[in-house]
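Descriptive analysis of the structure
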Amino acid sequence: MSENHSIHEFDVNLIVEYFSNINRQGPGSPEITLKALSFTDDLSAEAHVADLGCGTGGQTMILAGQIPGKITGIDLFPAFVDLFNANATRLHLQDRVKCVVGSMDDLPFKEEELDLIWSEGAIYNIGFEKGLREWRKYLKKNGYIAVSEASWFTEERPKEIEQFWMEAYPGIDTVANKVAQMQKAGYIPVATFILPDHCWTEHFYDPQVSVQENFLKTHAGNKFAENFIAYQRHEEELYRRYYKYYGYAFYIGKKR
Ligand code: SAH
């Protein structure tokens, strides 16, 4: 979901409805999820993993194919949680892969309960540094955290894209600075890599084209819906114009 904080709360239902129609609510791909996982140690069937801001669980179901333990998804929106749990049931994973409604700033875990914390395209909701610091206590010693996060790829960038991000998510920073933040938050930075463009185009923006057309039909005359789609299309245009300057990076850290 877009890092746009100016959206009014009464419009949230429409946004959730929109994103319920796509498999992923942020840029990513199954290959990239598995690549990030490859930097962590193998987990046993007793392990407990949390996926924070999991959405409908696109990446969680991929993790579940590799991790034998229990996975708990947390998302703020009940509609996403319901879709997640329906997906888990469809894949016969419901006994060990479950999603509950909750907020990433008030997690239902005990200290040192988790072996791995996962969060793709969602930590911006609490803030990268704050999330890393606050979530650390829930990890076992030597546990891992893996998050993807909006990042600048260059030292400088055109004004238009700089301004867009300063409004959408001022926490965006260079990869080097994010790695330093991870280190300061109490983790060994184990690996960092950039998500390839097709995680944004093929896996994120392309599936939205038909969803946008249907959404505009269903909500014809609704000003908010029209503005929202215009914003999504603008965001995509900016990405296609400026993808050399920013994108998502995965940050994998080990609790020390
Ligand atoms: N991880 C998914 C979804 C990313 S979109 C994917 O990569 O496809 C960001 C998600 O964070 C959304 O599902 C949104 O509902 C959720 N979210 C936003 N604020 C949250 C909060 N405070 N606590 C938990 N989840 C939150």
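Described in the following lines is the structure provided in the data block.

Rules used in this analysis
- Residues numbered from 1 in each chain as written.
- Predicted model: local features only at pLDDT ≥ 70, side-chain atom pairs only at ≥ 80, totals over all residues.
- Heavy atoms only, no water.
- Helix = DSSP H or I, 4+ residues; strand = E, 2+ residues; numbered from the N terminus.
- Rg over C-alpha atoms; globule rule 2.2 N^0.38 Å.
- Buried < 20%, exposed > 50% of the residue type's maximum accessible area, 1.4 Å probe, protein only.
- Contact = heavy atoms within 4.5 Å.
- Areas by Shrake-Rupley, 256 points an atom, 1.4 Å probe, with all protein chains shown as cover.
- Lys, Arg positive; Asp, Glu negative; His and termini not counted.
- Charge placed at Lys NZ, Arg CZ, Asp CG, Glu CD.
- Phe/Tyr/Trp six-rings, centres within 6.5 Å; stacked < 30°, edge-to-face > 60°.
- Lys NZ or Arg CZ within 6 Å of the ring centre and 35° of its normal.
- Near = heavy atom within 4 Å.
- Polar contact = N/O pair within 3.5 Å; in protein donor to acceptor, adjacent residues only side chain to side chain.
- Patch = residues over 30% accessible without salt bridge, like charges linked within 9 Å, V, L, I, M, F, W, Y side chains within 5 Å.
- Salt bridge = Lys/Arg side-chain N within 4 Å of Asp/Glu carboxyl O.
- Arc of directions from axis to C-beta.

**Digging into the overall build of the chain**
Each helix and strand counted, the chain has 10 helices and 8 strands in total. Scaling as 2.2 N^0.38, a compact globule of 256 residues should have a C-alpha radius of gyration of about 18 Å, and the chain matches this with 18 Å. Overall size of the chain, expressed as C-alpha extent along the three principal axes, is 50 × 45 × 30 Å. Relative to its full complement of 256 residues, the chain shows a buried share of 52%. Within the chain, contacts between residues at least 6 apart in sequence are counted, and of these 77% link residues at least 24 apart. Just so you have it, the chain exposes about 11,900 Å², and 51% of that area is on carbon and sulfur atoms. Here the chain carries 26 positive and 36 negative side-chain charges, and the mean point of each set is 5 Å from the other.

**Side note on unusual backbone geometry**
Generally, phi is negative for residues other than glycine and the peptide bonds are trans, each holding for most cases. With phi around 55°, Glu 112 is a residue other than glycine that occupies positive phi space. A relative accessible area of 49% means that Glu 112 is categorised as partly exposed. Its identity as a non-glycine residue notwithstanding, Asn 142 has a phi of 70°, on the positive side. Relative to the helices and strands, Asn 142 resides in strand β5 (residues 139-152). Relative accessible area serves as the criterion here: at 42%, Asn 142 is assigned to the partly exposed category.

**Some words on the packing of aromatic side chains**
Taken as a whole, this structure holds 26 aromatic pairs when the rule is applied. Measuring from centroid to centroid gives 5.0 Å for Tyr 18 and Phe 19, while their planes differ by 85°, and the two rings are edge-to-face. Judged by relative accessible area, which is 0%, Tyr 18 ranks as buried. Through a chain of ring-to-ring contacts, three or more aromatic side chains come together here, namely Trp 152, Phe 164, Trp 165, Trp 200, Phe 204, Tyr 205, Tyr 231, Tyr 239, Tyr 243, Tyr 246 and Tyr 248. A cation over a ring is seen here: Lys 35 above Phe 193, with NZ or CZ 4.7 Å from the ring centre. Over the aromatic face of Trp 152 sits the side chain of Arg 157, whose NZ or CZ is 4.2 Å from the ring centroid.

**Describing the site of the ligand**
Inspection of the region around the ligand gives 19 residues, with Arg 24, Gly 53, Asp 75, Met 104 and Glu 120 positioned closest. Between Gln 59 and the ligand, the recorded distance is 3.4 Å, taken from a side-chain N or O atom to an oxygen atom. In the environment of the ligand, a nitrogen atom lies 2.9 Å from a nitrogen or oxygen atom belonging to the backbone of Glu 120. About the coverage of the ligand: the protein hides 95% of its 570 Å² of free accessible area.

**Some thoughts on a nonpolar patch on the surface**
On the surface, Phe 39, Ile 188 and Val 190 cluster together to form a nonpolar patch covering roughly 220 Å² of accessible area. Looking at the element boundaries, Phe 39 is found in the loop between α2 (30-37) and β1 (48-52).

**A few points about α2**
Helical geometry: 3.6 residues make up each α-helical turn, so side chains three or four residues apart lie on a common side. Of all the positions in α2, only Ile 32, Thr 33, Ala 36 and Leu 37 are classed as buried. Taken end-on, α2 shows its buried residues confined to a sector of 140°, consistent with a single buried face. Buried-residue contacts for α2 involve α3 (58-66), β4 (114-119), β7 (187-194) and β8 (246-255).

**With respect to the environment of Gly 65**
For Gly 65, the location among the structural elements is in helix α3. For the pair formed by Gly 65 and Leu 91, sequence separation is 26 residues and the distance between their alpha carbons is 9.8 Å.

**As for the side chain of Arg 157**
Relative to the helices and strands, Arg 157 resides in the loop between β5 and α6 (159-168). Overall, the relative accessible area of 17% leaves Arg 157 in the buried class. Polar side-chain contacts of Arg 157 include one of 2.6 Å to the backbone oxygen of Thr 154. Of the polar contacts made by the side chain of Arg 157, one reaches the backbone oxygen of Glu 155; its length is 2.9 Å. Dropping the residues within four chain positions of it, Arg 157 is found in contact with Trp 152, Glu 162, Thr 174 and Tyr 245.

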